[in-house]
Amino acid sequence: MPVEPATGNDDMTPGTRAVASVPAARRSRGTPPWVLMYHSVADVTEDPYHVTVSPDRLHRQLGWLRGRGLRGVGVGELLHARAAGRGAGLVGLTFDDGYADFLSDALPLLRRHDCTATVFVLPGRPGGENAWDPLGPRKPLLTEDGIRAVADAGLEVGSHGMLHLDLTSVDDGALERETAGSRTRLATVTGQAPEGFCYPYGTVDARAVAAVRAAGYRYACAIDPGPLTSLHALPRVHIGSSDTSWRLHLKRALHPLRRRPLPTEEPAPAATAGGIR
């Protein structure tokens, strides 16, 4: 089936129109920022976990954002802008796992569309592969030089833990290594301690949130944290190869209706990333 142009009109169903008609004030009050969750960017024929987006699809998705006056940025930059009252028109872009294809296939498209992003990497697996996906296919991860290249390009580098472990099922020692230990390791690799963390598999509980806070992270990304929603458990929406313009429109419209508000007592994070150089 042909892929629609990124700048084309949305094919909105009646239900989509109804959601979009909710007053903006009601939809935005206390709503967490809209953060998109990507993983690998590559042309593949096998993708059992639906975590790969082709470069062409990413190009069209970024074009859809830009065509609607939206700009993708790293989560740290987005949160800082929101705290300063300058968050309108900004969308968070995240890339989990730190695949090597980020540098070759995603970064050039981000530059082309004047966007930035946060890349959540695994400092305990430099130059390794996605061994946590039993069905494969195997994909190389960024080396330490690759992680530095991401940071040198002006993008925010965050931690995805050391080894991509489910933090809700590890012992206390492993929990500390995955949170505080990965932050220390990334500080050694990039010269700057990361301010953002991303929970592997999106799984999170109160114990994991407490460990992330104690490790010194200013924010953390989950997927659907429910009652744990906060700056240290931000919800995100999965973006895949099937997300055409009308699906992006629907996901954007539903976001403020499906997510819990952020607590107001948490301090806003400082800025962590500038534009792409």
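Refer to the structure presented above.
Remember, it's a predicted structure, so these values are computed and weren't measured experimentally.

Looking at the nonpolar core
Argument step 1. Counting residues in hydrophobic clusters, the biggest one holds 33 residues, and the most contacted among them are L36, L65, L93, F95, F102, L110 and L155.
Argument step 2. Mapped by element, the contributors of at least two residues to this core are β1 (35–38), α3 (55–67), β5 (90–96), α5 (101–112), β6 (118–121), α6 (144–152) and α7 (172–190).
Argument step 3. The biggest single contributor to this core is α5, with five residues.
Argument step 4. Counting residues in hydrophobic clusters, the runner-up holds 16 residues, among them V204, V212, Y217 and A233.

Notes on the packing of aromatic side chains
Argument step 1. Across all of its chains, the model carries four aromatic pairs by this definition.
Argument step 2. Summarising the aromatic geometry, the rings of F95 and F102 are spaced 5.0 Å apart at their centres and angled 70 degrees between planes, so their arrangement reads as edge-to-face.
Argument step 3. Between F197 and Y199, the ring centres sit 5.5 Å apart and the planes meet at 75 degrees, which makes this aromatic pair edge-to-face. Across this residue pair, the class does not change: F197 and Y199 are buried.
Argument step 4. Among the aromatic side chains, those forming a connected cluster through ring pairs are Y38, F95 and F102.
Argument step 5. Over the ring of Y99 we find K139, and its NZ or CZ is 5.8 Å from the ring centre.
Argument step 6. One cation-aromatic arrangement involves R183 over Y217; the distance from NZ or CZ to the ring centre is 5.4 Å.

A short note on unusual backbone geometry
Argument step 1. Geometrically, the link from G136 to P137 is a cis peptide bond, its omega value of -5 degrees lying close to zero.
Argument step 2. Considering the arrangement of structural elements, one finds P137 in the loop between β6 and α6.
Argument step 3. At H164, a position not held by glycine, the phi torsion is positive, near 65 degrees.
Argument step 4. Residue placement: H164 occurs in the loop between β7 (156–159) and α7.
Argument step 5. Positioned with a positive phi, Y201 is a non-glycine residue whose angle comes to about 65 degrees.
Argument step 6. In this fold, Y201 is placed in the loop between β8 (196–198) and α8 (206–214).
Argument step 7. Residue Y201 is classed as partly exposed on the basis of its relative accessible area, which comes to 42%.

Concerning the environment of P32
Argument step 1. Summarising the element assignment, P32 is placed in the loop between α2 (24–28) and β1.
Argument step 2. A relative accessible area of 2% places P32 in the buried class.
Argument step 3. Sequence spacing of P32 and P256 is 224 residues, and the spatial spacing of their C-alpha atoms is 7.6 Å.
Argument step 4. Those residues in contact with P32 that sit more than four places away from it in its chain are R82, T229, P235, H255, R259, R260, P261 and L262.

Overview of the pairing of β5
On a regular strand, one side chain projects to one face of the sheet and the next to the other, so that they alternate.
Argument step 1. Across the seven residues of β5, seven count as buried, placing the element largely inside the fold.
Argument step 2. With four bridges joining them, β1 and β5 adopt parallel strand pairing. For M37, the partnering residue across the bridge sits in β5 and is T94.
Argument step 3. In this sheet, β5 lies alongside strand β4 (residues 71–73) in parallel orientation, the contact comprising three bridges. Residue pairing in the sheet places R71 in a bridge with L90 of β5.
Argument step 4. A crossover links β4 with its parallel partner β5, the connecting element being helix α4 (residues 75–83), and its sense is right-handed.
Argument step 5. Sheet analysis places β5 next to β6, joined by three bridges and oriented parallel. Within the sheet, the bridge partner assigned to T94 lies in β6 and is T118.
Argument step 6. For the crossover from β5 across α5 to β6, the handedness is right-handed.

Analysis parameters
- Residues numbered from 1 in each chain as written.
- Predicted model: local features only at pLDDT ≥ 70, side-chain atom pairs only at ≥ 80, totals over all residues.
- Heavy atoms only, no water.
- Core = buried A, V, L, I, M, F, W, Y, C linked by side-chain atoms within 4.5 Å.
- Buried < 20%, exposed > 50% of the residue type's maximum accessible area, 1.4 Å probe, protein only.
- Helix = DSSP H or I, 4+ residues; strand = E, 2+ residues; numbered from the N terminus.
- Phe/Tyr/Trp six-rings, centres within 6.5 Å; stacked < 30°, edge-to-face > 60°.
- Lys NZ or Arg CZ within 6 Å of the ring centre and 35° of its normal.
- Contact = heavy atoms within 4.5 Å.
- Pairing = 2+ DSSP bridges.
- Right-handed = clockwise from strand over helix to strand, strands pointing away.

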